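Here are the chains, one letter per residue:
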Amino acid sequence: SPFKFDSVYSSPALRCVRLADHLFDKDYHIDHRLSEMDFGEWEGRKWDDIPQPELNEWMENYQVVSPPGGESMNQMVLRLNDFIIHLKGQNLSKVALVTHAGIIRILLSQYQNIPADKMFEIKIGFGEVISVNI
């Protein structure tokens, strides 16, 4: 790989693993804490197929309300923070993460002082490279 990192981590999602394989020639670690939000019973369903009262309750309080069998935004933040603590304990200076827009938005929110309620306004392009100092 032309990229030089102390370590590389990927979400276990196939689309992330394929990109990590291509960019880093299988020289990376898979970490479930970099997964996108777990929507539980809603996973793979169309928004229109989810009962409106359930969807509304989640949309109004997504930070603390979980989809059935899934996780809330706060739970996702805690899982990501656990990963960051793991990274900080390894004395690494430059790390690549192959992950999802939600994870990237949380990182930008936390480390570039963007309020949590504004994080969904952050535009992240498919395949975009974003640098964050942690």
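As shown above, the structure is provided for reference.
Residues numbered from 1 in each chain as written. Predicted model: local features only at pLDDT ≥ 70, side-chain atom pairs only at ≥ 80, totals over all residues. Heavy atoms only, no water.

Regarding helix α4 (residues 101-111)
Defined as follows: Only protein chains enter the calculation, and the probe is 1.4 Å; a residue is then buried if its accessible area is under 20% of its type maximum, exposed if over 50%, and partly exposed in between. Secondary structure elements follow DSSP: runs of H or I of four or more residues count as helices, runs of E of two or more count as strands, with numbering from the N terminus. The contact definition used throughout considers only heavy atoms, calling two residues in contact when any of these lie within 4.5 Å.
Every buried residue of α4 is listed here: Ile103, Ile104, Arg105, Ile106, Leu107, Leu108 and Ser109. Elements in contact with the buried residues of α4: α3 (73-88) and β3 (95-98). Among the residues trailing α4, Asn113 stands out with phi positive, at a value near 55 degrees.

Points about the packing of aromatic side chains
Note the cut-off: Note on aromatic pairs: the rings of Phe, Tyr and Trp (six-membered ring only in Trp) are paired at centre separations within 6.5 Å, and the planes decide the class, stacked below 30 degrees, edge-to-face beyond 60, tilted for the rest.
According to the stated counting rule, one finds 8 aromatic pairs in the structure shown. Ring centres 5.1 Å apart and planes at 80 degrees place the aromatic pair Tyr9 and Phe83 in the edge-to-face group. Of this pair, Tyr9 sits in strand β1 (residues 7-10) while Phe83 sits in helix α3, and the two are 74 residues apart along the sequence. By the burial criterion, Tyr9 is buried, and Phe83 matches it. By the ring-pair criterion, three or more aromatic residues cluster together here, those being Phe39, Trp42, Trp47, Trp58, Tyr62 and Phe120.

Some points on the pattern of salt bridges
Counted only if it meets this: Should a side-chain nitrogen of Lys or Arg be within 4 Å of a carboxyl oxygen of Asp or Glu, the pair is scored as a salt bridge.
The final tally for this structure, using the stated rule, is 5 salt bridges. Asp21 serves as the salt-bridge partner of Lys26, at 3.3 Å between the closest nitrogen and oxygen. Its relative accessible area of 61% is what places Lys26 among the exposed residues. Of the charged contacts in the structure, one is a salt bridge between Arg33 and Asp31, with a shortest N-O distance of 2.7 Å.

Read these as geometric descriptors, not functional statements.
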